[in-house]
Amino acid sequence: MKKRLWKRLVLALVTIPVVLFGLMVAIVLWQQDAIVQELISTVNKDFKGHLEIEDSHISPFANFPYVSIDLDHLKVYEDKSKSTDPLVNVADVYLGFDLLTLLRGRMRIKSLKLSDGSIRLIQHRDGTFNITNALSGEKEIEDASEEFRMAIRSIQLKNIDLVKINEANNILIEAFIDDAQSRFRTNPRNIRVTLDRR
């Protein structure tokens, strides 16, 4: 009798996480198009830059323990005209979501993984950076509580060519990031960032 009880307990302990993970994948799969379209429309409406992707799909193990949506061939431009080269041109961007926030109906990105591409930072003659220009808002923030709250806990860069150009003195700095991960912890008084290079 005890042997049968142990078998049921072990079976339950294995089955419950598998079912929860399957449920999480199903929710993300069901909501994938809505999540991606909302992200693209929000970024393109609220920021001066322009974001575009070719395709997206579910990638459940790319950012484990988070379930991820893989944005294929993501490009971020400094402005809506797209007259310059993209400042971010990455083959795969994985947006990681955790089970609890998905089950509560909140779509908060917890983790980002950028893989196989380039980030091109340009410091213009006036001292501004292209990434700052791209991510600056189209309008003044009236109520900070209505704005997007960043829930990102980690960012991983894999096979990323990072280029920084200063237009005033034509200095170019380039670094290839093979594999690096940063983690963030925030509280009302400070932000703690750690960087782990592998």
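Residues numbered from 1 in each chain as written. Predicted model: local features only at pLDDT ≥ 70, side-chain atom pairs only at ≥ 80, totals over all residues. Heavy atoms only, no water.

A. Layout of a nonpolar patch on the surface. Taken together, the side chains of Trp6, Leu9, Val10, Leu13, Val14 and Val18 make up a nonpolar region of the molecular surface, amounting to roughly 630 Å² of accessible area. Inspection of the secondary structure puts leucine 9 in helix H1 (residues 2–46). Given a relative accessible area of 42%, leucine 9 falls into the partly exposed group. (Patch = residues over 30% accessible without salt bridge, like charges linked within 9 Å, V, L, I, M, F, W, Y side chains within 5 Å. Areas by Shrake-Rupley, 256 points an atom, 1.4 Å probe, with all protein chains shown as cover. Salt bridge = Lys/Arg side-chain N within 4 Å of Asp/Glu carboxyl O. Helix = DSSP H or I, 4+ residues; strand = E, 2+ residues; numbered from the N terminus. Buried < 20%, exposed > 50% of the residue type's maximum accessible area, 1.4 Å probe, protein only.)

B. Region of the structure containing the pattern of salt bridges. Summed over all chains, the structure comprises two salt bridges. The shortest N-O distance in the salt bridge between glutamate 52 and lysine 82 comes to 3.1 Å. Within this pair, whereas glutamate 52 is found in strand E1 (residues 50–52), its partner lysine 82 is found in the loop between strand E3 (66–77) and strand E4 (88–97), the two being separated by 30 residues in sequence. With relative accessibility at 23%, the residue glutamate 52 sits in the partly exposed group. Linking aspartate 179 and lysine 158 is a salt bridge whose minimum nitrogen-to-oxygen distance equals 3.5 Å. Here lysine 158 lies in strand E6 (residues 154–166) and aspartate 179 lies in strand E7 (residues 171–186), a separation of 21 residues in the sequence. Using a relative accessible area of 29% as the deciding quantity, one classes lysine 158 as partly exposed.

C. Structural context of the confidence of the model for the protein chain. Chain-level statistics for the protein chain give a pLDDT mean of 81 and a share of 88% at 70 or above. For residues 143–149, every residue scores under 50 in pLDDT, and the model assigns this stretch two contacts once sequence neighbours within four places are set aside. (pLDDT = per-residue confidence, 0-100. Contact = heavy atoms within 4.5 Å.)

D. Spotlight on a positive patch on the surface. Among the surface-exposed residues, Lys3, Arg4, Lys7 and Arg8 lie close enough to one another that they form a single positively charged patch. Within the element layout of this structure, lysine 3 appears in helix H1. (Lys, Arg positive; Asp, Glu negative; His and termini not counted. Charge placed at Lys NZ, Arg CZ, Asp CG, Glu CD.)

E. Highlighting the environment of glycine 127. Tracing the sequence through the fold places glycine 127 in the loop between strand E5 (111–123) and helix H3 (130–135). Along the primary structure glycine 127 and asparagine 166 are separated by 39 residues, whereas in three dimensions their C-alpha atoms are 8.7 Å apart.

F. Local environment of the pairing of E7. Relative to E7, E6 runs antiparallel, the two being bridged by twelve bridges. Bridge assignment links serine 154 to a residue of E7, and that residue is arginine 183. Here E6 hands over to E7 after four residues, with asparagine 170 in that stretch at a positive phi of 55°. (Pairing = 2+ DSSP bridges.)

G. Broad picture of the nonpolar core. Ranked by size, the top nonpolar core spans 31 residues in total, and within it Val93 and Leu114 carry the most contacts. Among the secondary structure elements, those contributing two or more residues to this core are H1, E3, E4, E5, E6 and E7. At seven residues, H1 tops the list of elements feeding residues into this core. What leucine 114 contacts, discounting residues up to four positions off in sequence, is Val90, Asp92, Val93, Ile119, Ile155, Gln156, Leu157, Lys158 and Ile160. (Core = buried A, V, L, I, M, F, W, Y, C linked by side-chain atoms within 4.5 Å.)

H. View of unusual backbone geometry. Phi is positive for lysine 82, close to 55°, though the residue is something other than glycine. Since its relative accessible area comes to 37%, lysine 82 is described here as partly exposed. One non-glycine residue, asparagine 159, adopts positive backbone phi at about 55°. With respect to the secondary-structure elements, asparagine 159 resides in strand E6. Judged by relative accessible area, asparagine 159 falls into the partly exposed class, the value being 28%.

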